[in-house]
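Below are the chains, spelled out letter by letter.
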2 protein chains.
Amino acid sequence: MSQLRKDVITGEWVIIAQEREGRPYQFGEKDNIDECPFCPGNEHMTPGETLRINDKNGWQLRVVPNKFPAVCENNDSVDDQIFFYTICEGTGRHEIVIETPLHNKGLHELGQQKISDVFIACRKRFQELSQLEGIEYVQIFKNCGKNGGASLAHSHSQIVALSFVPRRIQKEMRGAKKYYDRKQKCVFCDLIKEEIVFEKRIIFQNEHFIVATVFAPKFAYETIFLPKIHEHDFSKVDDKVIYSFAEAFEKTMAMMTKVLGDFPYNLILHTAPYNSEENYYHWHVELVPRVSYHAGFEIATEACVNSMFPEEAARRIRG
Amino acid sequence: MSQLRKDVITGEWVIIAQEREGRPYQFGEKDNIDECPFCPGNEHMTPGETLRINDKNGWQLRVVPNKFPAVCENNDSVDDQIFFYTICEGTGRHEIVIETPLHNKGLHELGQQKISDVFIACRKRFQELSQLEGIEYVQIFKNCGKNGGASLAHSHSQIVALSFVPRRIQKEMRGAKKYYDRKQKCVFCDLIKEEIVFEKRIIFQNEHFIVATVFAPKFAYETIFLPKIHEHDFSKVDDKVIYSFAEAFEKTMAMMTKVLGDFPYNLILHTAPYNSEENYYHWHVELVPRVSYHAGFEIATEACVNSMFPEEAARRIRG
């Protein structure tokens, strides 16, 4: 059972999920294939699948409920005012995408087809979870490496279906709407044009994507994958666009690995909510290498200090 | 020279300070007293002092400009619209409080009087820096330990004078104002009353402070030091209140160290801007142990998942 608690000063919600304290931690010296719940042969260690892709050698991808969820299927969500604080139940779903049966391969090492399969599986679960009662938003993301916050080494992504639209998404949608109201244009489409003209932050381009370091980055080497075809809702994206994303991701990771080594990162998919009409938004993917720290200043102010210009980061990545 | 850049979607500012990339990193195996710029004998390694406390044995505390500042004394700050992006110069000051001549002592190990001296020095610099032209806010904070984001082991705090009021402060002030407008009362004063009645999140109390784990924490063991006497502006706080804070900090750190060992942390001082009239605000200090991670979910959503209830954290700390 998880709980949502509202900060009485700022109105910000946090999720408290005490069961997560019990989750296994398998990394570096503690990494152990025999005990890896995501390895073939250990399928009994996870709850039953919600999606599975097979080939002639057995499963290639599994989506399973998270045994240590941040949010879960609860009783009715009830607002509760205790003294002057507000609490409600952390209703939702939390699933894990086991991206490969191979214990020692990263997502970017699986090849374009299998990377694409992972995001097509995510799109399917995004659609299905979004339609459950009480679900307002489905967040897809990946933690890779210890500093990326992963607790298991075996490559996986996560899908969290939430009873609220998160603050970050609200902020981006509000910003995009404001721009649209002023200019009758999508801010992300304009950003793509500006980046192509400016060129110094571009890392990679193919038919469907530009990959660029972020103009105002919160983390060193922060990078955005922007689809050239305007679409606000990830569930409506074509297979061929996802296939093109897979190429962009594979190539970008290869370039970054040359500069940063085997680096920890977070991968984040931002979309308007499923079936929403917020057409001024534009789905995209963010890649956040976790090679810089947020310290006291960032927590104190919520302004980030970055010690590298994104133009310099792009220059290094392009090599 | 540092730069402020505005995110074109969300309007958030980030600071880019490339000089910071050159700052020394001295920790664990790389920690070296001979090369420590904060040790006695190495005073020439820092810029000249802006404040110094001596006793018969020499200096006990020094405040010096940061050699690798996040913001600095620039030419006039000029807004610059490049393509559709906004940039301006990162004008301000960044100072370091070298809290002790002793290389191997943490702030909480210095004794109540010397801890108090550190915060009295911070109050003085807060007043002085706040009065410089173009300064809108002065943020005082401390990074301790590698995961706390410190780059030097020798105990120090930081003071950053900014040309803008940071988002976090604005958010807290807005929340406090909203509460005040509705109830004609300070939300922090009410929070103190509620916490004392509820009791399960209280860690420590003395004449002037309550110390409690935070109701809706973003990090495990997140703790707030709330002064019982209402005051919005840190520069107006009495020496005796600061002396009382020093006791609360010393005792809290001793209790936490029993549970968490020698833990990394951030210490953050929040106040209304100097000489402002926002009397609905209430200054306080936040202690953020860095024993939990913010991963992809937190970056993607700006909602935090915490795996420990603050009531449980307080129970463990109280022992």
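The following paragraphs examine the structure supplied in this document. These numbers come from a predicted model, not from an experiment.

Some details on the environment of P310(B)
Inference 1: For P310(B), the position within the fold is in helix α6 (residues 310-318).
Inference 2: With a relative accessible area of 3%, P310(B) lands in the buried category.
Inference 3: With 250 residues separating them in the primary sequence, P310(B) and Q60(B) have C-alpha atoms 36 Å apart.
Inference 4: Apart from the residues within four sequence positions on either side, P310(B) is in contact with R5(A), I16(A), R201(B), T213(B), V214(B), F215(B) and P217(B).

Side note on the environment of I98(B)
All names here are of chain B.
Inference 1: With respect to the helices and strands, the residue I98 is situated in strand β7 (residues 92-98).
Inference 2: With a relative accessible area of 0%, I98 lands in the buried category.
Inference 3: As for I98 and Y243, which are separated by 145 residues in sequence, their C-alpha atoms are 19 Å apart.
Inference 4: When sequence neighbours within four positions are dropped, the list of residues in contact with I98 reads F38, W59, Q60, L61, R62, V64, H154, S155 and H156.

Some points on the interface of chain B and chain A
Inference 1: Across the contact, 81 residues belong to chain B and 81 residues belong to chain A.
Inference 2: Roughly 7,000 Å² of surface becomes buried between chain B and chain A when both sides are summed, with 65% attributable to carbon and sulfur atoms.
Inference 3: Counting every contact that joins chain B to chain A gives 14 salt bridges.
Inference 4: On inspection of chain B and its partner chain A, the count reaches 30 residue pairs in polar contact (both at pLDDT 80 or more).
Inference 5: Grouping the amino acids of the side of chain B that touches chain A by side-chain chemistry returns 42 nonpolar, 17 polar and 22 charged.
Inference 6: Sheet analysis places strand β2 (residues 13-16) of chain A next to strand β15 (residues 304-306) of chain B, joined by 3 bridges and oriented parallel. Looking at the pairing, I16(A) lines up with N306(B) of β15(B).

Observations regarding the pattern of salt bridges
Inference 1: Taken as a whole, this structure holds 54 salt bridges over all chains when the rule is applied.
Inference 2: Between R125(A) and E128(A) there is a salt bridge, with its nearest N and O atoms 2.3 Å apart. Placement of the pair is R125(A) and E128(A) together in helix α1 (residues 112-130), with a separation of 3 residues, close to one helical turn.
Inference 3: Residue classification places R125(A) among the buried positions, given a relative accessible area of 8%.
Inference 4: Taking relative accessible area as the criterion, E128(A) reaches 33% and is therefore assigned partly exposed.
Inference 5: Close ionic contact of E95(B) with R125(B) constitutes a salt bridge, the shortest N to O distance being 2.7 Å. Of this pair, E95(B) sits in strand β7 while R125(B) sits in helix α1 (residues 112-130); the two residues are 30 residues apart in sequence, bridging distant segments of the chain.
Inference 6: Among the charged side chains, a network of salt bridges with common partners joins E12(A), R167(A), E302(A), R168(B), K171(B), E172(B) and K218(B).

Description of the relation of the copies chain B and chain A
Inference 1: Between chain B and chain A, which share one sequence, the superposing operator has a rotation angle of 180 degrees and an axial displacement of 0.0 Å; the RMSD is 0.0 Å. Put plainly, the chains are arranged around a two-fold axis.
Inference 2: A shared interface surface links the copies, since 100% of the contact residues of chain B are contact residues in chain A too.

Focus on helix α2 (residues 167-183) of chain B
Inference 1: Across its 17 residues, α2(B) extends 24 Å between first and last C-alpha, which sits within 8% of the 24 Å expected from 1.5 Å per residue.
Inference 2: For α2(B), the full list of buried residues reads R168(B), I169(B), K171(B), E172(B), M173(B), G175(B), A176(B) and Y179(B).
Inference 3: For α2(B), the elements touching its buried residues are α2 (167-183) and α5 (296-301) of chain A together with β8 (137-144), α3 (187-198), β13 (265-270) and β14 (284-289) of chain B.
Inference 4: Residue Q184(B) follows α2(B) closely and has a positive phi angle near 55 degrees.

Regarding the sheet that holds strand β3 (residues 51-55) of chain B
Residue and element names in this part refer to chain B.
Inference 1: If you walk across this open sheet you meet the 10 strands as β3-β4-β7-β9-β8-β13-β14-β12-β11-β10, and the pairing is antiparallel. Every other strand in the sheet has two partners, leaving β3 and β10 (202-205) as the edge strands with one partner each. The sheet shows a mean angle of 15 degrees between the axes of neighbouring strands, taken without regard to direction.
Inference 2: As judged from the 3 bridges shared by β10 and strand β11 (residues 209-213), these two strands associate in the antiparallel manner.

Some details on a positive patch on the surface
Inference 1: On the surface, K6(A), K178(B), R182(B) and K183(B) cluster together into a positively charged patch.
Inference 2: Looking at which element gives the most residues to the positive patch, the answer is α2(B), with 3 residues.
Inference 3: For K183(B), the position within the fold is in helix α2.
Inference 4: Judged by its relative accessible area of 39%, K183(B) is partly exposed.

What to know about the packing of aromatic side chains
All names here are of chain A.
Inference 1: Here the structure, examined in full by the defined rule, presents 32 aromatic pairs over all chains.
Inference 2: Here the aromatic rings of F188 and Y281 are separated by 5.5 Å at their centres, their planes lie at 75 degrees, and the arrangement is edge-to-face. In this pair, F188 sits in helix α3 (residues 187-198) while Y281 sits in the loop between β13 (265-270) and β14 (284-289), placing the two residues 93 residues apart along the sequence. For the pair F188 and Y281, a shared accessibility class is recorded, and that class is buried.
Inference 3: Feature note: the residues F119, F126, F209, F225, F234, F245, F249, F263, Y265, Y274 and W283 constitute an aromatic cluster, connected by ring pairs.
Inference 4: The ring centre of W59 lies 5.6 Å from the NZ or CZ of R62, which sits over that ring.

Some points on the pairing of strand β2 (residues 13-16) of chain B
Inference 1: Bridge analysis of strand β1 (residues 3-6) of chain B against β2(B) gives 4 bridges, and the strand direction is antiparallel. Bridge pairing in β2(B) places L4(B) opposite I15(B).

A closer look at α3(B)
Inference 1: Here α3(B) contains 12 residues, and its C-alpha end-to-end distance of 16 Å stays within 8% of the 16 Å for a straight helix at 1.5 Å per residue.
Inference 2: When we look at burial in α3(B), the residues that qualify are V187(B), F188(B), D190(B), L191(B), I192(B), E194(B) and E195(B).
Inference 3: As for α3(B), its buried residues are in contact with β6 (85-89) of chain A together with α2, β10, β11, β12 (223-227) and β14 of chain B.
Inference 4: E199(B) sits one or two residues past α3(B) and shows a positive phi near 75 degrees.

Looking at the sheet that holds strand β11 (residues 209-213) of chain A
Residues and elements named next belong to chain A.
Inference 1: Here we have 10 strands laid out as an open sheet, ordered β3-β4-β7-β9-β8-β13-β14-β12-β11-β10, and antiparallel in their pairing. Two strands lie at the open edges of the sheet, namely β3 (51-55) and β10 (202-205), each paired on one side alone. Here the average twist between neighbouring strands, direction ignored, is 15 degrees.
Inference 2: Bridge count for β3 against strand β4 (residues 58-65) is 5 bridges, and the pairing is antiparallel. The partner of R52 across the bridge, within β4, is R62.

Each value, and the rule that gives it
Residues numbered from 1 in each chain as written. Chains lettered and ligands numbered in written order. Predicted model: local features only at pLDDT ≥ 70, side-chain atom pairs only at ≥ 80, totals over all residues. Heavy atoms only, no water. Helix = DSSP H or I, 4+ residues; strand = E, 2+ residues; numbered from the N terminus. Buried < 20%, exposed > 50% of the residue type's maximum accessible area, 1.4 Å probe, protein only. Contact = heavy atoms within 4.5 Å. Buried area = accessible area lost by both parts, 1.4 Å probe. Salt bridge = Lys/Arg side-chain N within 4 Å of Asp/Glu carboxyl O. Polar contact = N/O pair within 3.5 Å; in protein donor to acceptor, adjacent residues only side chain to side chain. Nonpolar A, V, L, I, M, F, W, Y, C, P; charged D, E, K, R; others polar. Pairing = 2+ DSSP bridges. Least-squares fit on C-alpha atoms with pLDDT ≥ 70 in both. Expected span 1.5 Å × (residues − 1). Axes fitted to C-alpha atoms, helices over the stretch in contact; angles between N-to-C directions. Patch = residues over 30% accessible without salt bridge, like charges linked within 9 Å, V, L, I, M, F, W, Y side chains within 5 Å. Areas by Shrake-Rupley, 256 points an atom, 1.4 Å probe, with all protein chains shown as cover. Lys, Arg positive; Asp, Glu negative; His and termini not counted. Charge placed at Lys NZ, Arg CZ, Asp CG, Glu CD. Phe/Tyr/Trp six-rings, centres within 6.5 Å; stacked < 30°, edge-to-face > 60°. Lys NZ or Arg CZ within 6 Å of the ring centre and 35° of its normal.

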